[in-house]
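The lines below spell out each chain.
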Amino acid sequence: MNKFWLYSWRKSLRIVLGVILCVGLMFPSPAAASLVKEPVTEVQVSLGNAENELKFFPSNLQFMADKRYKLVITNPSPQKHYFTAKDFADAIWTQAVKDDKIEVKGAVHEVEILPGGKAEWTFVALKPGTYSLRCPIAGHTEAGMIGQIAVSAN
């Protein structure tokens, strides 16, 4: 009987913690919620180009902490690419990532953009630092599809 009670208690705790985590992602802290009302600064980045160069354009991105941004990511190249910056993604609050048919909310670590595709990543930079950017598709990083993201203190 005690083992069953302990199992049920642990299962209930996991469910409650899961709900708290989901609610936290859906309803950000009051400070983050107030930033949603701030004007957004749009920044464009291209994954490759029509000539199929394996580069980010620009390869160095600059943001300020506690400011709201919309990163417009396009892919004019004939192959898919990834915008991967896990440490950067851990240091921001993502409001949404969307294209014309979907919107993703919560933690995002990388965005895949198909040829001719576009995504808009709206976020607030929270933690100053320098973060690596790359496309992890085999051969792309090695060919130079790398970059850097800098977040400066406000």
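Structure: see above.
As the structure is a prediction and not an experimental result, all values here were calculated from the model. Numbers given to residues run from 1 along each chain, matching the order in which its sequence is written. Only residues with pLDDT of at least 70 are given local features in this predicted model, and only at 80 or more are side-chain atom pairs given and counted; all residues enter the totals for whole chains, interfaces and linings. Side-chain numbers come from the whole structure's heavy atoms, not from hydrogens or water.

Visitor: Please clarify how the sheet that holds strand 7 (residues 103–104) should be interpreted in this entry.
Guide: Strand pairing in a sheet takes place through backbone hydrogen bonds and is either antiparallel or parallel in direction. The strand order 2-1-4-9-6-7 describes an open sheet built from six strands, whose pairing is mixed. Two strands bound the open sheet, and with one partner strand each, they are strand 2 (56–57) and strand 7. Strands are treated as partners if at least two bridges between them are detected by DSSP. Here a strand is any run of E in DSSP of at least two residues, a helix any run of H or I of at least four, and the numbering for each starts at the N terminus. Sheet analysis places strand 6 (residues 92–98) next to strand 7, joined by two bridges and oriented antiparallel. Paired with Lys98 across the two strands is Glu103, which belongs to strand 7.

Visitor: Which parts of the structure should I look at to understand the pattern of salt bridges?
Guide: We count a salt bridge whenever a side-chain nitrogen from Lys or Arg sits within 4 Å of a carboxyl oxygen from Asp or Glu. In total, this model carries five salt bridges according to the counting rule given. One salt bridge connects Lys70 with Glu120, and the closest N-O pair in it is separated by 3.8 Å. Taken as a pair, Lys70 in strand 4 (residues 68–74) and Glu120 in strand 9 (residues 118–125) lie far apart in primary sequence, 50 residues in all. Lys86 serves as the salt-bridge partner of Asp90, at 2.6 Å between the closest nitrogen and oxygen. With Asp90 and Lys86 both in helix 3 (residues 86–90) and four residues apart, the pair spans about one turn of that helix. Throughout, exposure labels follow a simple rule: accessible area from a 1.4 Å probe, protein chains only, divided by the maximum for the residue type, with under 20% read as buried, over 50% as exposed, and the rest as partly exposed. Given the relative accessible area of 45%, Asp90 is considered partly exposed. Through salt bridges with shared partners, one network takes in Lys70, Lys118 and Glu120.

Visitor: What is the right way to read the packing of aromatic side chains from this model?
Guide: For any two aromatic rings, the description comes down to two numbers: the centre-to-centre distance and the angle of the planes. Ring pairs shown here join Phe, Tyr and Trp side chains whose ring centres sit within 6.5 Å, with only the six-membered ring taken for Trp; geometry is labelled stacked below 30 degrees between planes, edge-to-face above 60, and tilted in between. Under the defined criterion, the tally for this structure stands at 10 aromatic pairs. An angle of 85° between the planes, with centres 6.1 Å apart, marks the rings of Phe56 and Phe83 as edge-to-face. Within this pair, whereas Phe56 is found in strand 2, its partner Phe83 is found in strand 5 (residues 81–84), the two being separated by 27 residues in sequence. Arranged with centres 5.8 Å apart and planes meeting at 25°, the rings of Phe63 and Phe88 form a pair that is stacked. With a gap of 25 residues between them, Phe63 in strand 3 (residues 60–64) and Phe88 in helix 3 connect regions that are remote in the sequence. Both residues of the pair, Phe63 and Phe88, count as buried. Joined through ring pairs, the aromatic side chains of Phe56, Phe63, Tyr69, Phe83, Phe88, Trp121, Phe123 and Tyr131 make up one cluster.

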